[in-house]
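Tertiary structure, described
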Amino acid sequence: MTEHSPMTTAPATPAGPALPDAQTVTKVTHWTDQLFSFRVTRPKSLRFRSGEFVMIGLMGEPDPKTGRQKPLLRAYSIASPSWDDELEFYSIKVQDGPLTSRLQHIQPGDQIILRPKPVGTLVHDALLPGKRLWFFSTGTGIAPFASLLRDPETWELYDRVILTHTCREKADLEYGRQLVESLESDPLIGELVDGKLDYYPTTTQEESAKRGRITDLLRSGEVFADLGIEGISPQTDRAMVCGSMGLNLDIKEILEGYGLREGANSEPAEYVVEKAFVG
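What follows deals with the overall build of the chain. Check the secondary structure of the chain and you find eight helices and eleven strands. Since a compact globule built from 279 residues should have a radius of gyration of about 19 Å, the 19 Å found for the chain is in line with a globular shape. Counting across all 279 residues of the chain, residues that qualify as buried make up 52%. For the chain, the proportion of contacts with a sequence separation of at least 24, taken over those separated by at least 6, is 72%. Surface accessibility of the chain: about 13,400 Å² in total, with carbon and sulfur atoms responsible for 49%. For the chain, the centre of its 30 positive side-chain charges and the centre of its 40 negative side-chain charges are spaced 6 Å apart.

Quick reminder: α-helices carry 3.6 residues per turn. Residues three or four places apart thus point the same way. When the terminal C-alpha atoms of helix H8 (residues 245-257) are compared, their 18 Å separation across 13 residues agrees well with the 18 Å that a helix rising 1.5 Å per residue should span. Here H8 has its buried residues at Leu247, Asn248, Ile251, Lys252, Ile254 and Leu255. Each element contacted by the buried residues of H8 is listed here: strand E7 (132-138), helix H6 (214-220), strand E10 (237-242) and strand E11 (271-273). In the stretch just after H8, Gly259 is the one whose phi turns positive, near 95°.

Before going further, it helps to examine the nonpolar core. Phe135, Phe145, Leu149 and Met240 are the most contacted members of the largest nonpolar core, which totals 29 residues. Looking at this core, the elements with two or more residues in it are E7, helix H2 (143-149), strand E8 (160-167), helix H4 (174-183) and E10. In terms of residue count, the dominant contributor to this core is H2 (five residues). The contact partners of Met240, leaving out residues within four places of it in the chain, are Leu122, Val123, His124, Leu127, Leu133, Trp134, Phe135, Phe136, Phe145, Leu148 and Val272. Membership of the second largest hydrophobic core comes to 21 residues, among which are Ile162, Val223, Ile254 and Val273.

What follows deals with the sheet that holds strand E9 (residues 197-203). Two strands in a sheet stick together by hydrogen bonds in their backbones, pointing the same way (parallel) or opposite ways (antiparallel). On the basis of which strands lie adjacent, the open sheet formed by five strands has the order E9-E8-E7-E10-E11 and parallel pairing. Among the strands making up the open sheet, the edge pair consists of E9 and E11. Within this sheet the neighbouring strands show an average axis-to-axis angle of 10°, counted without direction. Contacts from H4 reach E8 and E9, with the element oriented near 165° to E9. Of the strands in this sheet, E7, E10 and E11 touch H8, which is tilted by about 165° from E10.

Looking now at the environment of Arg261. Residue position: Arg261 is located in the loop between H8 and E11. For Arg261, the contacting residues outside a window of four places in its chain are Leu128, Ala269, Glu270 and Tyr271. At 2.7 Å, the side chain of Arg261 and the side chain of Glu270 are in polar contact.

This next bit is on the pairing of strand E2 (residues 35-41). Buried residues dominate E2, accounting for six of its seven residues. The pairing of strand E1 (residues 22-30) with E2 spans five bridges and is classified as antiparallel. Along E2, the bridge assignment pairs Lys27 with Arg39. Counted along the chain from E1 to the antiparallel partner E2, the turn is four residues long. Where E2 meets strand E5 (residues 86-92), seven bridges bridge the pair, whose relative direction is antiparallel. From the neighbouring strand, Phe38 faces E5, where its bridge partner is Phe89.

Strand order across the open sheet formed by six strands is E4-E3-E6-E1-E2-E5, with antiparallel pairing between neighbours. Of all the strands in the sheet, just strand E4 (71-77) and E5 have a single pairing partner and so form its edges. Ignoring strand direction, the axes of neighbouring strands in this sheet form an average angle of 40°. Bridge analysis of E1 against strand E6 (residues 111-119) gives three bridges, and the strand direction is antiparallel. If you follow Thr24 over to E6, its bridge partner there is Gln111.

So, on to the packing of aromatic side chains. The final tally for this structure, using the stated rule, is nine aromatic pairs. Aromatic side chains Tyr90 and Tyr175 sit 3.9 Å apart centroid to centroid with 10° between the ring planes, which places their arrangement in the stacked category. Here the residue Tyr90 occupies a position in strand E5, and Tyr175 occupies one in helix H4, the gap between them amounting to 85 residues. Here Tyr90 matches Tyr175 in class, with each residue buried. The interplanar angle of 10° and the centroid separation of 5.5 Å between the aromatic rings of Trp134 and Phe136 together place this pair among those described as stacked. The class of Trp134 is buried, set by a relative accessible area of 0%. Classification of Phe136 by relative accessible area gives buried; the value is 0%. In textbook terms, an aromatic cluster arises when at least three aromatic residues are bridged by ring pairs, as seen for Phe36, Phe38, Tyr76 and Phe89.

Calculation criteria
- Residues numbered from 1 in each chain as written.
- Predicted model: local features only at pLDDT ≥ 70, side-chain atom pairs only at ≥ 80, totals over all residues.
- Heavy atoms only, no water.
- Helix = DSSP H or I, 4+ residues; strand = E, 2+ residues; numbered from the N terminus.
- Rg over C-alpha atoms; globule rule 2.2 N^0.38 Å.
- Buried < 20%, exposed > 50% of the residue type's maximum accessible area, 1.4 Å probe, protein only.
- Contact = heavy atoms within 4.5 Å.
- Areas by Shrake-Rupley, 256 points an atom, 1.4 Å probe, with all protein chains shown as cover.
- Lys, Arg positive; Asp, Glu negative; His and termini not counted.
- Charge placed at Lys NZ, Arg CZ, Asp CG, Glu CD.
- Expected span 1.5 Å × (residues − 1).
- Core = buried A, V, L, I, M, F, W, Y, C linked by side-chain atoms within 4.5 Å.
- Pairing = 2+ DSSP bridges.
- Axes fitted to C-alpha atoms, helices over the stretch in contact; angles between N-to-C directions.
- Polar contact = N/O pair within 3.5 Å; in protein donor to acceptor, adjacent residues only side chain to side chain.
- Phe/Tyr/Trp six-rings, centres within 6.5 Å; stacked < 30°, edge-to-face > 60°.

The quantities given are spatial measurements derived from coordinates; they are silent on function.
Here's what the structure looks like:
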């Protein structure tokens, strides 16, 4: 794992023109050579529900003919809870990606574009009341759950919360591991979390305490045996899913096999899937 100490100072003057939707980077942490997180200032007028996403990005390269620049924007889950003074994001680094090839080089003091119109389905309002909440995530799909795990409402609504996080290698789990480790000492929600959280990390390409795809472990019943749970029931269980298209479809099939129905903001049900980040 390649880990660097977070940078916390912002001495540099942001380059380029100040944009109407610009926010200033306050902290950057590189977790591995493929994963990083960053925090930015929060617009005073921004209100969002934990689990929602916004469009963020940078100005694109100037047009060769006109010299004009257009914003290059992508959907990113807000990883910080709705009460946080700043906004946190968790991202992969795609070396030839139009946005992340540049975004991975941001430093405190730089500016990014943030369109303050949060949306998304991974919110409590889209689920019917239940007793046990499952978060199914792969890779950076843990970001919306990082927001929800730090929201007191999550712990007030559910008796038990199960976070599954599947990555290729152990180093890729570090962001989630540190997040979970920090919850019980969190002054706002520490007492609410006590004894309610099950953290279930797995790897697919490197040996770890638990190896395997979460879908395979669900189908075999290994997850339930490990957690001391009989199974998933539409009467008690609710679920949120955020990952690749393959994961989303497989988990949907598994959940619906247990009798759960997909919900939405307009029609709450037993599970929801975030479709904004997959092709």
